[in-house]
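The residues making up each chain are set out below.
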Amino acid sequence: MRMTAFMRKMQQVLCVLLPCALQLCCANTQQVVVCTGTQNGLSMTGNSEIQYNLMKERYNNCNIVMGNIEVNMMEHTRDFSFLQSIKEVTGYVLIAVNQFSRLPLDNLRLIRGTTLYDDRYALAVMINYQKYGQHGLQELGLTNLTEILEGGIKIIQNKYLSYAPQVNWLDIVKDTSAHILIEDNGPEKPCNEACQDVPCWGSGSNSCQTLTKTICAPQCNSRCFGRNPNECCHIECAGGCKGPLDTDCFACKNFNNSGSCVPQCPQTLIYNKHTFEMEHNPNAKYQYGSICVAHCPKHFVVDGSSCVSSCPADKTEVKKNGVKRCEPCKGLCPKVCKGSQAGQSVDANNIDSFINCTKIQGSLNFLVIGIMGDEYNQIPALNPEKLKVFNTVEEITGFLTIQSWPESLSDLSVFSNLRTIQGRTLYKGVSSKRGYALLIMRIKSLTSLGLRSLKRINDGNIYITRNENLCYSNTVNWTRIMNTSSHPKKATIKENRPQKECVKAGLVCDPLCSSDGCWGPGPDHCVSCKNSRGGTCVPDFMFVTGKTTQ
(Lines give C-alpha, C1' and ligand atoms only; values in the text may rest on other atoms or scores of the structure.)
Protein backbone atom coordinates (compact mmCIF):
# COMPACT_ATOMS: atom_id res chain seq x y z
CA MET A 1 0.00 0.00 0.00
CA ARG A 2 2.89 2.38 0.76
CA MET A 3 4.30 1.77 -2.71
CA THR A 4 0.98 2.50 -4.41
CA ALA A 5 0.47 5.73 -2.52
CA PHE A 6 3.96 6.92 -3.33
CA MET A 7 3.59 6.12 -7.02
CA ARG A 8 0.28 7.94 -7.11
CA LYS A 9 1.94 10.98 -5.58
CA MET A 10 4.64 10.80 -8.25
CA GLN A 11 2.12 10.72 -11.06
CA GLN A 12 0.21 13.68 -9.67
CA VAL A 13 3.21 15.97 -9.89
CA LEU A 14 4.23 15.10 -13.44
CA CYS A 15 3.89 17.87 -16.00
CA VAL A 16 1.93 16.67 -19.02
CA LEU A 17 2.23 19.86 -21.06
CA LEU A 18 4.89 20.56 -23.67
CA PRO A 19 8.03 19.17 -21.96
CA CYS A 20 10.77 21.64 -21.29
CA ALA A 21 13.99 22.04 -19.41
CA LEU A 22 16.48 24.67 -18.45
CA GLN A 23 19.71 24.71 -20.34
CA LEU A 24 21.81 26.07 -17.52
CA CYS A 25 25.31 27.43 -17.68
CA CYS A 26 28.39 25.27 -17.46
CA ALA A 27 31.69 26.85 -16.50
CA ASN A 28 35.13 25.42 -17.14
CA THR A 29 37.10 26.88 -14.25
CA GLN A 30 40.79 25.96 -14.05
CA GLN A 31 39.99 22.65 -15.74
CA VAL A 32 37.22 21.98 -13.20
CA VAL A 33 33.89 21.80 -15.02
CA VAL A 34 31.02 23.21 -12.97
CA CYS A 35 27.40 22.54 -13.93
CA THR A 36 24.05 23.46 -12.44
CA GLY A 37 21.85 20.86 -10.76
CA THR A 38 18.07 20.65 -10.54
CA GLN A 39 15.46 21.40 -7.90
CA ASN A 40 12.43 19.44 -9.08
CA GLY A 41 12.12 17.06 -6.13
CA LEU A 42 9.95 14.12 -7.17
CA SER A 43 8.47 15.86 -10.20
CA MET A 44 9.65 15.33 -13.77
CA THR A 45 9.73 17.37 -16.95
CA GLY A 46 8.15 15.29 -19.71
CA ASN A 47 8.66 11.54 -20.06
CA SER A 48 11.68 9.52 -18.94
CA GLU A 49 13.32 9.66 -22.39
CA ILE A 50 13.32 13.46 -22.37
CA GLN A 51 14.43 13.57 -18.75
CA TYR A 52 17.30 11.15 -19.41
CA ASN A 53 18.59 13.12 -22.41
CA LEU A 54 18.45 16.38 -20.47
CA MET A 55 20.33 14.78 -17.59
CA LYS A 56 22.98 13.40 -19.93
CA GLU A 57 23.55 16.77 -21.56
CA ARG A 58 23.63 18.55 -18.21
CA TYR A 59 26.10 16.29 -16.38
CA ASN A 60 28.36 14.93 -19.11
CA ASN A 61 32.00 15.74 -18.14
CA CYS A 62 30.79 17.72 -15.10
CA ASN A 63 32.99 17.68 -11.96
CA ILE A 64 31.09 19.88 -9.51
CA VAL A 65 27.29 20.13 -9.44
CA MET A 66 26.08 23.47 -8.12
CA GLY A 67 22.77 22.32 -6.71
CA ASN A 68 21.15 18.89 -6.53
CA ILE A 69 21.32 15.63 -8.46
CA GLU A 70 17.85 14.13 -8.88
CA VAL A 71 17.42 10.79 -10.64
CA ASN A 72 13.78 9.69 -10.70
CA MET A 73 11.68 7.06 -12.51
CA MET A 74 14.38 5.69 -14.83
CA GLU A 75 14.18 2.25 -16.49
CA HIS A 76 16.73 -0.53 -15.99
CA THR A 77 18.13 -0.10 -19.54
CA ARG A 78 19.52 3.41 -18.96
CA ASP A 79 23.27 3.98 -19.13
CA PHE A 80 24.44 6.46 -16.47
CA SER A 81 28.17 6.24 -17.14
CA PHE A 82 28.17 10.00 -17.83
CA LEU A 83 27.84 10.57 -14.05
CA GLN A 84 31.29 9.13 -13.35
CA SER A 85 33.01 12.51 -13.71
CA ILE A 86 31.10 14.08 -10.80
CA LYS A 87 33.25 14.64 -7.69
CA GLU A 88 31.17 17.04 -5.62
CA VAL A 89 27.51 18.01 -5.16
CA THR A 90 26.73 21.22 -3.28
CA GLY A 91 23.08 20.33 -2.57
CA TYR A 92 21.50 16.90 -2.12
CA VAL A 93 21.38 13.61 -4.05
CA LEU A 94 17.93 12.09 -4.65
CA ILE A 95 17.49 8.63 -6.20
CA ALA A 96 13.84 7.56 -6.28
CA VAL A 97 11.50 5.11 -8.06
CA ASN A 98 14.11 3.74 -10.48
CA GLN A 99 14.70 0.28 -11.91
CA PHE A 100 18.42 0.26 -12.79
CA SER A 101 20.79 -1.93 -10.74
CA ARG A 102 23.60 0.55 -10.09
CA LEU A 103 24.20 4.29 -10.24
CA PRO A 104 27.88 4.89 -11.13
CA LEU A 105 28.68 7.92 -8.99
CA ASP A 106 32.01 6.24 -8.21
CA ASN A 107 34.02 9.47 -8.09
CA LEU A 108 31.63 11.45 -5.89
CA ARG A 109 33.65 12.41 -2.80
CA LEU A 110 31.58 15.07 -1.12
CA ILE A 111 27.94 16.09 -0.65
CA ARG A 112 27.82 19.55 0.93
CA GLY A 113 24.09 19.60 1.76
CA THR A 114 23.62 23.35 1.26
CA THR A 115 20.07 22.41 0.29
CA LEU A 116 18.38 19.32 1.76
CA TYR A 117 15.65 17.02 0.50
CA ASP A 118 12.58 17.42 2.73
CA ASP A 119 14.72 19.98 4.61
CA ARG A 120 16.49 17.05 6.28
CA TYR A 121 18.38 14.71 3.96
CA ALA A 122 21.54 15.17 1.91
CA LEU A 123 21.15 11.67 0.45
CA ALA A 124 17.73 10.11 -0.20
CA VAL A 125 17.39 6.69 -1.87
CA MET A 126 13.78 5.49 -2.02
CA ILE A 127 11.65 2.80 -3.67
CA ASN A 128 14.10 1.82 -6.39
CA TYR A 129 12.65 -1.41 -7.74
CA GLN A 130 10.23 -2.62 -10.38
CA LYS A 131 6.85 -3.27 -8.81
CA TYR A 132 5.94 -6.09 -11.18
CA GLY A 133 9.33 -7.49 -12.16
CA GLN A 134 12.82 -8.33 -11.00
CA HIS A 135 14.74 -5.14 -11.73
CA GLY A 136 15.89 -2.71 -9.09
CA LEU A 137 18.78 -0.96 -7.38
CA GLN A 138 21.35 -3.44 -6.03
CA GLU A 139 24.40 -1.22 -5.46
CA LEU A 140 24.59 2.53 -4.88
CA GLY A 141 27.94 2.96 -6.61
CA LEU A 142 29.10 5.68 -4.20
CA THR A 143 32.37 3.86 -3.59
CA ASN A 144 34.39 7.04 -2.92
CA LEU A 145 31.83 9.03 -0.94
CA THR A 146 33.61 9.96 2.28
CA GLU A 147 31.82 13.02 3.67
CA ILE A 148 28.43 14.69 3.92
CA LEU A 149 28.90 18.15 5.47
CA GLU A 150 25.24 18.91 6.28
CA GLY A 151 22.10 16.80 6.46
CA GLY A 152 21.17 13.20 7.04
CA ILE A 153 20.52 10.01 5.08
CA LYS A 154 17.31 8.28 4.05
CA ILE A 155 17.49 4.83 2.42
CA ILE A 156 14.11 3.08 2.43
CA GLN A 157 12.12 0.50 0.47
CA ASN A 158 14.82 -0.60 -1.96
CA LYS A 159 13.88 -4.25 -2.39
CA TYR A 160 17.20 -5.47 -3.83
CA LEU A 161 19.66 -3.04 -2.18
CA SER A 162 21.80 -5.15 0.14
CA TYR A 163 25.12 -3.39 0.68
CA ALA A 164 24.44 0.34 1.22
CA PRO A 165 22.50 -0.20 4.49
CA GLN A 166 25.63 -1.88 5.92
CA VAL A 167 27.89 1.11 5.19
CA ASN A 168 29.29 2.94 8.23
CA TRP A 169 27.33 6.14 7.63
CA LEU A 170 28.57 7.69 10.88
CA ASP A 171 32.00 7.81 9.28
CA ILE A 172 30.55 9.82 6.39
CA VAL A 173 28.25 12.38 8.06
CA LYS A 174 30.04 15.28 9.69
CA ASP A 175 27.19 15.92 12.10
CA THR A 176 26.85 12.87 14.34
CA SER A 177 23.32 13.99 15.28
CA ALA A 178 22.15 13.97 11.63
CA HIS A 179 19.05 11.87 11.06
CA ILE A 180 19.84 8.49 9.48
CA LEU A 181 16.83 6.43 8.38
CA ILE A 182 17.56 3.03 6.82
CA GLU A 183 14.75 0.45 6.60
CA ASP A 184 12.87 -2.01 4.36
CA ASN A 185 15.77 -2.71 2.01
CA GLY A 186 17.21 -5.96 0.59
CA PRO A 187 18.71 -8.83 2.60
CA GLU A 188 22.22 -8.39 3.97
CA LYS A 189 25.01 -9.90 1.85
CA PRO A 190 28.66 -10.50 2.77
CA CYS A 191 31.39 -8.17 1.54
CA ASN A 192 34.35 -9.38 -0.49
CA GLU A 193 37.04 -10.97 1.67
CA ALA A 194 39.41 -8.17 0.61
CA CYS A 195 37.40 -5.79 2.79
CA GLN A 196 38.15 -7.83 5.94
CA ASP A 197 36.23 -6.11 8.76
CA VAL A 198 35.42 -2.94 6.77
CA PRO A 199 31.90 -2.40 5.33
CA CYS A 200 31.39 -2.26 1.58
CA TRP A 201 29.34 -0.65 -1.18
CA GLY A 202 29.09 -3.81 -3.30
CA SER A 203 30.38 -7.31 -3.96
CA GLY A 204 33.67 -6.41 -5.67
CA SER A 205 37.10 -6.24 -4.08
CA ASN A 206 37.24 -2.55 -5.04
CA SER A 207 33.96 -1.78 -3.26
CA CYS A 208 35.32 -1.64 0.31
CA GLN A 209 34.41 1.51 2.21
CA THR A 210 37.20 4.03 2.78
CA LEU A 211 37.06 5.12 6.43
CA THR A 212 38.42 8.60 7.14
CA LYS A 213 36.86 9.57 10.47
CA THR A 214 36.02 6.77 12.91
CA ILE A 215 39.52 5.25 12.64
CA CYS A 216 41.39 8.48 13.38
CA ALA A 217 43.66 9.05 16.34
CA PRO A 218 42.32 11.45 19.02
CA GLN A 219 44.90 14.05 17.95
CA CYS A 220 43.16 14.51 14.57
CA ASN A 221 40.69 17.39 14.42
CA SER A 222 38.67 16.06 11.51
CA ARG A 223 39.68 13.44 8.93
CA CYS A 224 42.72 11.21 8.56
CA PHE A 225 44.53 8.96 6.09
CA GLY A 226 45.61 6.38 8.67
CA ARG A 227 45.28 5.34 12.28
CA ASN A 228 48.48 6.97 13.58
CA PRO A 229 48.63 10.43 15.25
CA ASN A 230 50.85 11.75 12.43
CA GLU A 231 48.34 10.71 9.76
CA CYS A 232 45.82 13.50 10.23
CA CYS A 233 44.42 15.47 7.30
CA HIS A 234 44.86 19.22 7.04
CA ILE A 235 42.13 21.17 8.87
CA GLU A 236 40.84 22.53 5.51
CA CYS A 237 40.26 19.05 4.05
CA ALA A 238 36.84 17.52 3.54
CA GLY A 239 36.19 13.85 2.84
CA GLY A 240 39.69 12.70 3.74
CA CYS A 241 43.11 13.00 2.16
CA LYS A 242 46.19 11.19 0.93
CA GLY A 243 48.63 13.16 3.07
CA PRO A 244 48.94 15.94 5.69
CA LEU A 245 49.18 18.97 3.37
CA ASP A 246 46.41 21.30 2.20
CA THR A 247 47.17 20.05 -1.32
CA ASP A 248 46.54 16.42 -0.32
CA CYS A 249 42.80 16.80 0.33
CA PHE A 250 40.20 14.72 -1.51
CA ALA A 251 37.93 17.79 -1.35
CA CYS A 252 37.97 21.20 0.34
CA LYS A 253 35.94 22.17 3.37
CA ASN A 254 35.80 25.80 2.23
CA PHE A 255 37.60 26.81 -0.99
CA ASN A 256 39.93 25.26 -3.55
CA ASN A 257 42.60 27.72 -4.64
CA SER A 258 44.49 26.14 -7.56
CA GLY A 259 44.68 22.80 -5.78
CA SER A 260 45.20 24.08 -2.23
CA CYS A 261 42.36 24.04 0.29
CA VAL A 262 42.05 27.46 1.96
CA PRO A 263 39.65 29.15 4.43
CA GLN A 264 39.06 32.03 1.99
CA CYS A 265 40.12 33.06 -1.49
CA PRO A 266 42.82 35.73 -1.98
CA GLN A 267 40.97 38.95 -1.19
CA THR A 268 40.55 41.88 -3.58
CA LEU A 269 42.03 44.28 -1.00
CA ILE A 270 45.11 43.63 1.14
CA TYR A 271 46.71 45.63 3.92
CA ASN A 272 50.06 47.30 3.23
CA LYS A 273 51.83 47.31 6.58
CA HIS A 274 54.35 49.89 5.34
CA THR A 275 51.88 52.53 4.13
CA PHE A 276 49.10 51.53 6.57
CA GLU A 277 46.63 51.48 3.68
CA MET A 278 44.40 48.98 1.92
CA GLU A 279 45.58 48.22 -1.62
CA HIS A 280 44.25 46.24 -4.54
CA ASN A 281 45.59 42.71 -4.57
CA PRO A 282 47.05 41.80 -8.00
CA ASN A 283 46.62 38.11 -7.11
CA ALA A 284 43.00 38.46 -6.00
CA LYS A 285 40.46 35.77 -6.83
CA TYR A 286 36.71 35.49 -6.50
CA GLN A 287 34.68 32.90 -4.64
CA TYR A 288 32.66 30.78 -7.09
CA GLY A 289 30.93 28.07 -5.12
CA SER A 290 33.83 26.22 -3.46
CA ILE A 291 36.42 27.37 -6.03
CA CYS A 292 38.66 30.44 -6.22
CA VAL A 293 38.62 31.89 -9.73
CA ALA A 294 40.48 34.76 -11.38
CA HIS A 295 37.34 35.78 -13.30
CA CYS A 296 33.68 35.07 -12.64
CA PRO A 297 31.84 33.01 -15.28
CA LYS A 298 30.04 35.17 -17.82
CA HIS A 299 26.58 34.51 -16.41
CA PHE A 300 27.57 35.69 -12.90
CA VAL A 301 28.06 39.10 -11.31
CA VAL A 302 30.95 40.27 -9.11
CA ASP A 303 29.88 41.33 -5.61
CA GLY A 304 32.93 42.24 -3.55
CA SER A 305 35.07 39.11 -3.64
CA SER A 306 32.33 36.70 -4.77
CA CYS A 307 30.63 35.54 -7.95
CA VAL A 308 26.87 35.80 -7.43
CA SER A 309 23.91 34.99 -9.65
CA SER A 310 22.15 38.23 -8.66
CA CYS A 311 22.86 41.37 -6.66
CA PRO A 312 21.46 41.78 -3.12
CA ALA A 313 18.46 44.03 -2.53
CA ASP A 314 20.52 47.13 -1.67
CA LYS A 315 22.69 46.92 -4.78
CA THR A 316 22.21 47.12 -8.53
CA GLU A 317 24.09 45.55 -11.43
CA VAL A 318 26.41 47.80 -13.42
CA LYS A 319 29.01 47.05 -16.08
CA LYS A 320 32.50 48.55 -15.72
CA ASN A 321 35.41 47.74 -18.00
CA GLY A 322 33.48 44.82 -19.42
CA VAL A 323 32.84 43.29 -15.97
CA LYS A 324 29.37 43.12 -14.38
CA ARG A 325 29.48 44.25 -10.76
CA CYS A 326 27.06 44.86 -7.90
CA GLU A 327 27.21 48.44 -6.63
CA PRO A 328 25.12 50.33 -4.06
CA CYS A 329 22.04 51.95 -5.54
CA LYS A 330 21.88 55.71 -5.90
CA GLY A 331 18.58 56.38 -4.23
CA LEU A 332 15.93 53.67 -4.47
CA CYS A 333 17.01 50.36 -5.98
CA PRO A 334 15.27 48.77 -8.93
CA LYS A 335 13.13 45.90 -7.66
CA VAL A 336 14.50 42.47 -8.54
CA CYS A 337 12.09 39.53 -8.40
CA LYS A 338 12.64 35.82 -8.78
CA GLY A 339 11.21 34.26 -11.93
CA SER A 340 9.26 31.04 -12.42
CA GLN A 341 10.66 27.76 -11.14
CA ALA A 342 11.51 25.04 -13.69
CA GLY A 343 8.28 23.86 -15.28
CA GLN A 344 6.20 26.32 -13.25
CA SER A 345 3.83 28.83 -14.84
CA VAL A 346 2.88 32.34 -13.87
CA ASP A 347 -0.58 31.87 -12.34
CA ALA A 348 -3.23 33.48 -10.15
CA ASN A 349 -1.46 32.37 -6.97
CA ASN A 350 1.98 33.81 -7.71
CA ILE A 351 1.36 36.79 -10.00
CA ASP A 352 1.21 39.30 -7.14
CA SER A 353 4.85 38.51 -6.37
CA PHE A 354 5.74 40.42 -9.58
CA ILE A 355 4.16 43.73 -8.53
CA ASN A 356 6.52 46.70 -9.18
CA CYS A 357 9.32 44.42 -10.45
CA THR A 358 11.79 46.04 -12.84
CA LYS A 359 14.03 42.98 -13.24
CA ILE A 360 13.13 39.29 -13.30
CA GLN A 361 15.99 37.24 -11.91
CA GLY A 362 15.33 34.03 -13.80
CA SER A 363 12.67 33.22 -16.37
CA LEU A 364 8.95 33.59 -17.02
CA ASN A 365 6.75 30.72 -18.25
CA PHE A 366 3.15 31.15 -19.36
CA LEU A 367 1.53 27.71 -19.59
CA VAL A 368 -2.05 26.47 -19.86
CA ILE A 369 -2.23 25.51 -16.18
CA GLY A 370 -1.31 29.09 -15.28
CA ILE A 371 -3.56 30.96 -17.70
CA MET A 372 -6.58 28.63 -17.64
CA GLY A 373 -6.15 27.44 -14.06
CA ASP A 374 -5.37 24.12 -12.44
CA GLU A 375 -8.37 22.47 -10.82
CA TYR A 376 -6.35 19.70 -9.17
CA ASN A 377 -4.06 22.17 -7.37
CA GLN A 378 -6.96 24.57 -6.78
CA ILE A 379 -5.45 27.38 -8.84
CA PRO A 380 -8.12 29.58 -10.49
CA ALA A 381 -7.89 30.99 -14.01
CA LEU A 382 -5.72 34.09 -14.28
CA ASN A 383 -7.52 37.42 -14.59
CA PRO A 384 -6.03 39.09 -17.73
CA GLU A 385 -6.02 42.46 -15.92
CA LYS A 386 -3.49 41.02 -13.48
CA LEU A 387 -0.93 40.69 -16.29
CA LYS A 388 -0.48 44.46 -16.20
CA VAL A 389 1.94 43.92 -13.30
CA PHE A 390 4.56 43.20 -15.98
CA ASN A 391 4.33 46.79 -17.29
CA THR A 392 7.25 47.71 -15.02
CA VAL A 393 9.57 44.87 -16.13
CA GLU A 394 12.61 46.09 -18.07
CA GLU A 395 14.85 43.02 -17.94
CA ILE A 396 14.57 39.23 -17.77
CA THR A 397 17.86 37.48 -16.96
CA GLY A 398 16.65 34.06 -18.19
CA PHE A 399 14.08 33.37 -20.90
CA LEU A 400 10.48 34.25 -21.76
CA THR A 401 8.15 31.52 -23.02
CA ILE A 402 4.51 32.03 -23.88
CA GLN A 403 2.61 28.83 -24.66
CA SER A 404 -0.76 30.08 -23.41
CA TRP A 405 -2.30 33.56 -23.26
CA PRO A 406 -5.72 35.07 -22.43
CA GLU A 407 -8.07 35.06 -25.44
CA SER A 408 -9.01 38.66 -24.70
CA LEU A 409 -5.47 39.94 -25.29
CA SER A 410 -4.29 40.39 -28.88
CA ASP A 411 -0.68 41.32 -28.09
CA LEU A 412 2.03 41.12 -25.42
CA SER A 413 1.96 44.83 -24.64
CA VAL A 414 2.04 44.10 -20.90
CA PHE A 415 5.77 43.71 -21.67
CA SER A 416 5.92 47.02 -23.55
CA ASN A 417 8.78 48.24 -21.29
CA LEU A 418 10.85 45.06 -21.58
CA ARG A 419 14.23 46.12 -22.98
CA THR A 420 16.52 43.13 -22.47
CA ILE A 421 16.32 39.34 -22.32
CA GLN A 422 19.71 38.15 -21.09
CA GLY A 423 19.29 34.44 -21.85
CA ARG A 424 21.51 33.35 -18.94
CA THR A 425 19.28 30.30 -18.74
CA LEU A 426 17.60 29.02 -21.88
CA TYR A 427 14.40 27.13 -22.61
CA LYS A 428 15.03 23.89 -24.38
CA GLY A 429 12.43 22.29 -26.63
CA VAL A 430 11.76 18.59 -26.99
CA SER A 431 13.03 18.04 -30.52
CA SER A 432 15.83 20.58 -30.64
CA LYS A 433 19.18 21.02 -28.97
CA ARG A 434 18.91 24.78 -29.36
CA GLY A 435 18.25 26.87 -26.29
CA TYR A 436 15.61 29.60 -26.66
CA ALA A 437 15.54 32.99 -24.97
CA LEU A 438 12.14 33.87 -26.48
CA LEU A 439 9.49 31.34 -27.43
CA ILE A 440 5.92 32.17 -28.45
CA MET A 441 3.76 29.43 -29.93
CA ARG A 442 0.15 28.46 -30.61
CA ILE A 443 -1.45 31.67 -29.32
CA LYS A 444 -4.57 32.17 -31.46
CA SER A 445 -5.45 35.58 -30.05
CA LEU A 446 -2.15 37.26 -30.96
CA THR A 447 -2.25 39.70 -33.87
CA SER A 448 0.96 41.55 -32.93
CA LEU A 449 3.77 41.13 -30.43
CA GLY A 450 3.75 44.62 -28.94
CA LEU A 451 7.30 44.31 -27.52
CA ARG A 452 8.07 47.85 -28.59
CA SER A 453 10.96 48.46 -26.13
CA LEU A 454 12.84 45.20 -26.73
CA LYS A 455 16.36 46.14 -27.84
CA ARG A 456 18.57 43.20 -26.93
CA ILE A 457 18.57 39.41 -26.57
CA ASN A 458 22.07 38.61 -25.33
CA ASP A 459 22.06 34.84 -25.67
CA GLY A 460 19.80 32.13 -27.06
CA ASN A 461 17.59 31.64 -30.08
CA ILE A 462 14.07 32.82 -30.94
CA TYR A 463 11.12 30.59 -31.81
CA ILE A 464 7.79 32.13 -32.84
CA THR A 465 5.48 29.68 -34.59
CA ARG A 466 1.88 28.51 -35.16
CA ASN A 467 0.30 31.76 -34.03
CA GLU A 468 -2.34 31.71 -36.75
CA ASN A 469 -3.39 35.36 -36.48
CA LEU A 470 0.02 36.91 -35.79
CA CYS A 471 1.32 39.59 -38.16
CA TYR A 472 4.32 41.95 -38.04
CA SER A 473 6.75 39.42 -36.46
CA ASN A 474 8.31 38.49 -39.80
CA THR A 475 9.11 42.17 -40.48
CA VAL A 476 11.39 42.49 -37.44
CA ASN A 477 15.13 42.58 -38.14
CA TRP A 478 15.97 40.05 -35.43
CA THR A 479 19.70 40.19 -36.12
CA ARG A 480 19.63 43.81 -34.89
CA ILE A 481 18.30 42.57 -31.54
CA MET A 482 20.21 39.31 -31.10
CA ASN A 483 23.79 39.18 -29.87
CA THR A 484 25.62 37.13 -32.49
CA SER A 485 29.14 38.01 -31.35
CA SER A 486 29.80 34.84 -29.29
CA HIS A 487 28.23 32.13 -31.47
CA PRO A 488 25.54 32.00 -34.17
CA LYS A 489 21.93 32.53 -33.11
CA LYS A 490 18.80 31.77 -35.08
CA ALA A 491 15.35 33.36 -35.20
CA THR A 492 12.74 30.84 -36.34
CA ILE A 493 9.56 32.68 -37.41
CA LYS A 494 7.18 30.34 -39.21
CA GLU A 495 3.60 29.12 -39.62
CA ASN A 496 2.07 32.35 -38.41
CA ARG A 497 -0.49 34.35 -40.42
CA PRO A 498 0.60 34.51 -44.07
CA GLN A 499 2.13 37.84 -45.05
CA LYS A 500 -0.29 38.25 -47.96
CA GLU A 501 -3.25 38.06 -45.59
CA CYS A 502 -1.61 40.57 -43.23
CA VAL A 503 -1.09 43.03 -46.08
CA LYS A 504 -4.65 42.55 -47.30
CA ALA A 505 -5.97 43.23 -43.78
CA GLY A 506 -3.80 46.34 -43.46
CA LEU A 507 -1.75 44.82 -40.65
CA VAL A 508 1.57 46.28 -41.84
CA CYS A 509 4.26 48.56 -40.42
CA ASP A 510 3.69 52.30 -40.29
CA PRO A 511 5.38 54.22 -43.17
CA LEU A 512 7.55 56.02 -40.61
CA CYS A 513 9.24 52.74 -39.63
CA SER A 514 12.61 51.84 -41.11
CA SER A 515 13.47 48.57 -42.81
CA ASP A 516 14.11 47.06 -39.34
CA GLY A 517 10.36 46.40 -39.13
CA CYS A 518 7.89 46.85 -36.32
CA TRP A 519 6.21 45.17 -33.33
CA GLY A 520 2.70 46.24 -34.26
CA PRO A 521 0.59 49.02 -35.80
CA GLY A 522 1.51 52.68 -35.54
CA PRO A 523 4.81 54.62 -35.41
CA ASP A 524 5.35 53.91 -31.70
CA HIS A 525 5.84 50.23 -32.54
CA CYS A 526 8.72 50.74 -34.98
CA VAL A 527 11.89 48.81 -34.21
CA SER A 528 13.66 51.93 -35.50
CA CYS A 529 12.57 55.05 -37.37
CA LYS A 530 13.35 56.32 -40.83
CA ASN A 531 13.59 59.74 -39.17
CA SER A 532 13.36 60.52 -35.48
CA ARG A 533 13.21 63.48 -33.12
CA GLY A 534 13.58 62.91 -29.39
CA GLY A 535 13.05 59.19 -29.85
CA THR A 536 9.81 59.67 -31.80
CA CYS A 537 9.35 58.70 -35.44
CA VAL A 538 8.53 61.77 -37.53
CA PRO A 539 8.08 62.60 -41.25
CA ASP A 540 10.85 64.32 -43.24
CA PHE A 541 9.04 67.66 -43.42
CA MET A 542 9.13 68.10 -39.63
CA PHE A 543 12.87 68.84 -39.76
CA VAL A 544 13.15 72.61 -39.93
CA THR A 545 16.69 72.47 -41.28
CA GLY A 546 15.66 70.21 -44.12
CA LYS A 547 18.06 67.51 -42.89
CA THR A 548 16.98 64.11 -41.72
CA THR A 549 18.46 61.89 -39.06
CA GLN A 550 18.54 58.14 -38.84
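Residues numbered from 1 in each chain as written. Predicted model: local features only at pLDDT ≥ 70, side-chain atom pairs only at ≥ 80, totals over all residues. Heavy atoms only, no water.

When helices and strands are tallied, the protein shows five helices and 37 strands. Taken over the C-alpha atoms alone, the protein extends approximately 95 × 75 × 35 Å along its principal axes. The proportion of buried residues among the 550 residues of the protein is 51%. Total accessible area on the protein is roughly 26,400 Å²; 49% of this is exposed by carbon and sulfur atoms. Charge-centre separation for the protein: the mean point of 56 positive side chains lies 6 Å from the mean point of 46 negative side chains. (Helix = DSSP H or I, 4+ residues; strand = E, 2+ residues; numbered from the N terminus. Buried < 20%, exposed > 50% of the residue type's maximum accessible area, 1.4 Å probe, protein only. Areas by Shrake-Rupley, 256 points an atom, 1.4 Å probe, with all protein chains shown as cover. Lys, Arg positive; Asp, Glu negative; His and termini not counted. Charge placed at Lys NZ, Arg CZ, Asp CG, Glu CD.)

Time to look at the layout of surface pockets. In this structure, the second largest pocket encloses a volume near 920 Å³. In terms of lining residues, the second largest pocket is bounded by 34 residues, among which Glu317, Lys319, Lys324, Gln422 and Arg424 are the most central. Those elements giving two or more residues to the lining of the second largest pocket turn out to be strand 23 (315-320) and strand 24 (323-328). The leading source of residues in the lining of the second largest pocket is strand 23, at five residues. Tallied by class, the residues present in the lining of the second largest pocket amount to 11 nonpolar, 10 polar and 13 charged. (1 Å grid on protein atoms, 1.4 Å probe; cavity = no way out; pocket = protein on both sides within 12 Å on 5 of 7 lines; lining within 4 Å. Points joined across faces, edges and corners; volume = space filled by probe spheres on them. Nonpolar A, V, L, I, M, F, W, Y, C, P; charged D, E, K, R; others polar.)

Within the structure shown, the criterion is met by 16 disulfides. Here cysteine 233 pairs with cysteine 241 through a disulfide, and the sulfurs are 2.0 Å apart. Measuring the twist about the S-S bond at about -90°, one finds the cysteine 233-cysteine 241 disulfide to be left-handed. Bridging cysteine 311 to cysteine 326, the disulfide has an S-S length of 2.1 Å. Here cysteine 311 and cysteine 326 share a disulfide; its torsion about the S-S bond, -90°, makes the bridge left-handed. Of this pair, cysteine 311 sits in the loop between strand 22 (306-308) and strand 23 while cysteine 326 sits in strand 24, placing them 15 residues apart in sequence. Here cysteine 311 falls in the buried class, since its relative accessible area comes to 13%. (Disulfide = S-S within 2.5 Å.)

A separate point is empty space enclosed by the protein. Over the atoms a probe the size of a water molecule is rolled, and this reveals where empty space is left. Taken as a whole and assessed by the stated rule, the structure comprises one cavity of 30 Å³ or more. Looking at the largest cavity, its volume works out to about 40 Å³. In terms of lining residues, the largest cavity is bounded by Asn40, Gly41, Ser43, Met44, Gln51, Met55, Glu70 and Asn72. For the lining of the largest cavity, the secondary structure elements donating two or more residues are helix 2 (48-59) and strand 5 (69-72).

Within a sheet, each strand pairs with its neighbour through backbone hydrogen bonds, oriented either parallel or antiparallel. Strand order in this open sheet of five strands is 5-7-9-11-12, and the pairing throughout is parallel. In this open sheet, the two edge strands, each paired with only one partner strand, are strand 5 and strand 12 (180-183). Neighbouring strand axes in the sheet, compared pairwise and without regard to direction, differ in orientation by 5° on average. Sheet topology note: the strand 5/strand 7 (residues 93-96) ladder contains four bridges and is parallel. Pairing of asparagine 72 across the sheet is with alanine 96, part of strand 7. (Pairing = 2+ DSSP bridges. Axes fitted to C-alpha atoms, helices over the stretch in contact; angles between N-to-C directions.)

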